[in-house]
Amino acid sequence: MDVLIEPVNNRFNPFFEDPILDEEEEEEEEEEEMMMMMMMTMVTMMMMMMLLLLIQRQRQQRHDNNNNNDNVMIRKRRRPHHEFGDYVEHMRLFQRRRVAGNKHTGFMFLNKVDYHTGTILAKNFRRLIGFSNHAFTELVRNARESRVNNGNGELVPRFIDETHSLKGRPIPISLEDKIICAIVYLKVGCSFKHLEATMMISASIQAIFFWKFTEWIATVKFGEMVRIPQNQAELDLLMAKYANLGFPGACGSMDATHFRANKIPANRRHQATKAQATYPTYVANFVFDPNGLVLSMSPVYYGATNDIILADAQDYVKELGTNPLFASAQYAMKDLDGNEIRETGAYFLCDGGYRQSRFFQFPCKEARLFDSAIGFFSRCLESVRKDAEDGFAHLKSEFGFLDKGINISNPTQVQNAIKTCVYFHNLALRENGFNTRGDQDDDYIQKVPTLADYRKDMFDERRIQRSREGLQPGQPLILHYPPAGNNITDQMRIEDHFERRARIAQHILRLEIDGELLWLRERGALFNVAHD
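Calculation criteria
- Residue positions are counted from 1 within each chain, in the order its sequence is given.
- Totals for whole chains, interfaces and linings use every residue, but because this is a predicted model, local features are given only for residues with pLDDT of at least 70 and side-chain atom pairs only at 80 or more, for both listing and counting.
- Excluding hydrogens and water, the side-chain figures rest on all heavy atoms present in the structure.
- Helix numbering and strand numbering both begin at the N terminus, where a helix is a DSSP run of H or I of at least 4 residues and a strand a DSSP run of E of at least 2.
- What a helix should span is 1.5 Å times the count of its residues minus one.
- A 1.4 Å probe rolled over the protein chains alone gives each residue an accessible area, and that area as a share of the maximum for its type sets the label: buried under 20%, exposed over 50%, partly exposed in between.
- By construction, the arc corresponds to the directions joining the helix axis to the C-beta atoms.
- Between two residues, a contact is recorded if the distance between any of their heavy atoms is within 4.5 Å.
- At least two bridges found by DSSP between two strands are what make those strands a pair.
- The score called pLDDT rates the predictor's confidence residue by residue, from a low of 0 to a high of 100.
- Within this document, salt bridges are pairs made up of a side-chain nitrogen of Lys or Arg and a carboxyl oxygen of Asp or Glu, the two lying within 4 Å of each other.
- As used here, the term nonpolar core means buried Ala, Val, Leu, Ile, Met, Phe, Trp, Tyr and Cys residues forming a set that is joined through side-chain atoms within 4.5 Å.
- Patch members must show over 30% relative accessible area and no salt bridge, and they are joined within 9 Å when carrying like charges or within 5 Å when they are nonpolar side chains of Val, Leu, Ile, Met, Phe, Trp or Tyr.
- The protein chains shown are the only cover counted for residues, whose accessible areas, like all others here, come from Shrake-Rupley with a 1.4 Å probe.
- In this analysis, axes come from line fits to C-alpha atoms, helices being fitted only over the stretch in contact, and the angle between any two N-to-C directions falls in the range 0 to 180 degrees.
- If an angle is under 35 degrees, it is roughly parallel; if it is over 145, roughly antiparallel; if it lies from 65 to 115, roughly perpendicular; otherwise it is oblique.
- Gly is placed with the polar residues, together with every amino acid not listed as nonpolar (Ala, Val, Leu, Ile, Met, Phe, Trp, Tyr, Cys and Pro) or charged (Asp, Glu, Lys and Arg).

Attention now goes to helix H15 (residues 386-398). Across its 13 residues, H15 extends 18 Å between first and last C-alpha, which sits within 8% of the 18 Å expected from 1.5 Å per residue. Buried residues of H15: Asp387, Ala388, Gly391, Phe392 and Leu395, and no others. An end-on view of H15 places all buried positions within 145° of arc, on one side of the element. Close packing links the buried residues of H15 with helix H9 (232-244), strand S3 (250-260), strand S4 (281-288), helix H14 (373-384), helix H16 (400-403) and helix H17 (411-432).

What follows is the structure, encoded as C-alpha cells:
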C-alpha cells in the first residue's frame, strides 16, 4: 500500500537559507554604501572649493594692501635651522625664538658693569680678551660708527648689531658678543662649532661676522697700530734704542715666520711646502722693534716663498731707499781708535736669508766663534735680533689660531685674520706701555765686558788706515750713498754691505772695550705685568 508523503514546508525552518532573499539584501546594502560615498565625495569637494576661495581671497587682500602702501615691507619670519628639523622638539614658543637668535648672555651684563683697575672682573676680562674693557669699548664704538658703500652710493652700517631689528624677526645678537666671539676664536684657535656651547652663537653667524670683522681690521684699523716711524722724532727714538745696544742706525729687526696651514688647496700645495718641511704653511715677513712691537708686515705668501721676495714686497723696505726720512738719516759711530764716523742711511738687523745690501745686516757664521771684530759683531747681532724671535713666540702663544694650524683655504681671508692677530698684539703692548721700554736711561743695564782687553790685529789696522786716507787727525769720516735705483750694480751693492758691516763691527767692539755697551732690562723689572 502506497503512503503519500507531503512536502515539508521549509519556510519556518531556521536552518534553511533562501538564496533569492540573500541576493536582494546584498544589493540593497551596496546601494546604500554607494549613496554614502557619493555624499561624502560631494561634501569634500565643497569644502575644498570653499578653502580655495578663502586662500584666493586672502592673497588678493595682501596684493591690494601692497599696492595701496608700497613702503610696507612684508617679510617672512626667519625660522631657526637645527640639526634635527626646523624647530627643537619639546620647546615652547619663547624657547624656540631664543634658539633662533633672541639670547641674553653673561657678556651683555658684564659690558654694562664698570671695570675698576685691579678688580677680579677687570683681570678676568683682560685674561680673556688680552686688553682692558676700556679699549674694547672703544673698539666696539668704532665698529658701530664704521660705514661701507652698499653699491648704490649710500653709506650704510658695516655691521648689524642689536639696534637693527625688524618686526616679527628675532632680536639680532649684540655687537659686543660677536666681537668677543671673534677675538676668542683667534685666541683659542678652535672651530666655530666648538664655540657654540660657550658663546651661544651659531657657527654660521660666527663665520659670517668673523670674515667681515677681520676684513675691517685688516683694511681700516691695521695702520693705527702697525706703523713705521712717521716723523724724525719717532725715528730718533727708535734708533736711540738700537744705538744703546751697539747698533746705531738700525730701525728694526727683520725675520720671516711660517704658520701651519691645514686647508691648502691641492693645486697650491707644492707652493706651500718647503723642501725640508713635512706640511704646508703660509709665510709672512715682519719687522719688530726691541720691545716686540710689530712695525711692518709683508703680504702673506705660500710657505715655499723665499725671504728675499718677502722683503722686496714689504713697504718698510721700500721706504728705506726712497723716503728721505730713512735714506738721509745720520748717526755717529767710531772705529777701534776712537775716530768719529758719520754714517748715513738706516738698515735692518736680520739673518743670512736676505740680500747682501747696506739695508740688511746679518751675522757672519764663519767668524762668530772667533774673538775678532766681525766675530763679536755677529754674536751681538744674534742676541739683539732675538726680539724678532721673541715677537713670534709671543704672537703664537697669544693666538692659538696661528699656532695650532690655520683652517682657512682662502688666502685673502688668511691674510686678514693674521693681520687682525698682529693688530691686537700691538694694541695690548701699547695699552700696557710695554712699547716705552728703553725710552729712559734707567731702562738699561751695563753689559759685562768680555773683550775689554782686546788688541787690534793687522786686519783692523789696515781697515782703519784705508778709511782715514786723506783725513786730518780728529776729522770725522762722513759717508754718503747714491740713491737706491736701477743704476746700482750687484758689485756695488755687495761692497756697500761689507763696508758698513766692518764699520759697525769696529764700533760695537769699541763700545765693549770702553764698557759702554748696554742691555735692556727685562720687562718684568720695569712694569707691573699683573695690573689690569
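Spatial ordering of the open sheet is given by S7-S8-S12, a layout of 3 strands whose pairing is mixed. Every other strand in the sheet has two partners, leaving strand S7 (330-334) and strand S12 (477-478) as the edge strands with one partner each. Note that S7 and strand S8 (residues 340-344) share 5 bridges and pair antiparallel. For Tyr331, the partnering residue across the bridge sits in S8 and is Glu343.

Mean pLDDT for the chain: 83, with 83% of residues reaching 70 or above. In the model, residues 1-12 has pLDDT below 50 throughout and makes 1 contact with residues more than four positions away in sequence or in other chains.

Looking now at the pairing of S4. Burial analysis of S4 places 8 of its 8 residues in the buried class, the great majority of the element. What you see with S4 is no split at all: Thr281, Val283, Asn285 and Val287 on one side and Tyr282, Ala284, Phe286 and Phe288 on the other are buried throughout. Looking at chain direction, S4 and strand S6 (residues 301-302) are connected through 2 bridges and run antiparallel. Residue pairing for S6: Tyr282 is matched across the bridge by Tyr302.

All chains considered together, the criterion is met by 27 salt bridges. Residue Glu176 is joined to Arg144 by a salt bridge in which the shortest nitrogen-to-oxygen separation is 2.8 Å. Of the two residues, Glu176 sits in helix H6 (residues 175-188) while Arg144 sits in helix H5 (residues 133-145), which places them 32 residues apart along the sequence. Looking at Arg144, the relative accessible area reads 26%, which means it is partly exposed. As a salt-bridge pair, Arg503 and Glu499 come within 4.0 Å of each other at their nearest N and O atoms. With Arg503 and Glu499 both in helix H19 (residues 490-514), this residue pair falls 4 residues apart, about one helical turn. Each of Glu343, Arg463, Arg466, Glu499, Arg500 and Arg503 takes part in one network of salt bridges that share partners.

Turning our attention to the nonpolar core. Counting residues in each nonpolar core, the largest one holds 62 residues, and the members touching the most others are Ile179, Phe213, Phe286, Phe401 and Phe424. Aside from chain neighbours lying at most four places away, what touches Phe286 is Ser253, Met254, Asp255, Thr257, Phe259, Val294, Ser296, Met297, Gln314, Phe392 and Val422.

Moving on, we come to a nonpolar patch on the surface. Together, Leu51, Leu54 and Ile55 make up an exposed nonpolar region whose accessible area comes to about 250 Å². Structurally, Ile55 can be placed in helix H1 (residues 19-68). Accessibility expressed as a relative area gives 33% for Ile55, which makes it partly exposed.

Take the packing of H14 against H19 next. Axes are the key here: two packed helices are described by the angle between their axes and the distance separating the axes. At a minimum axis separation of 8 Å, H14 and H19 run at an interaxial angle of 85°. One way to sum up the angle between H14 and H19 is to call them roughly perpendicular. The segment H14 lies against H19, with Ala373, Ile374, Phe376, Phe377 and Cys380 engaging Arg501, Ala502, Ile504, Ala505, Ile508, Leu509 and Glu512. Taken together, the residues of the contact of H14 with H19 sort by class into 10 nonpolar, no polar and 2 charged.

It is worth spelling out the side chain of Lys447 at this point. Within the element layout of this structure, Lys447 appears in the loop between strand S11 (444-446) and helix H18 (458-467). Excluding residues within four positions of it along the chain, Lys447 makes contact with Phe376, Glu512, Leu517, Leu518 and Trp519.

So, on to the environment of Leu477. With respect to the element layout, Leu477 can be found in strand S12. Taking C-alpha positions, Leu477 is 4.7 Å from Ile341, a pair spaced 136 residues apart along the chain. Excluding residues that lie within four positions of it along the chain, Leu477 makes contacts with Glu340, Ile341, Arg342, Ser467, Arg468 and Leu471.

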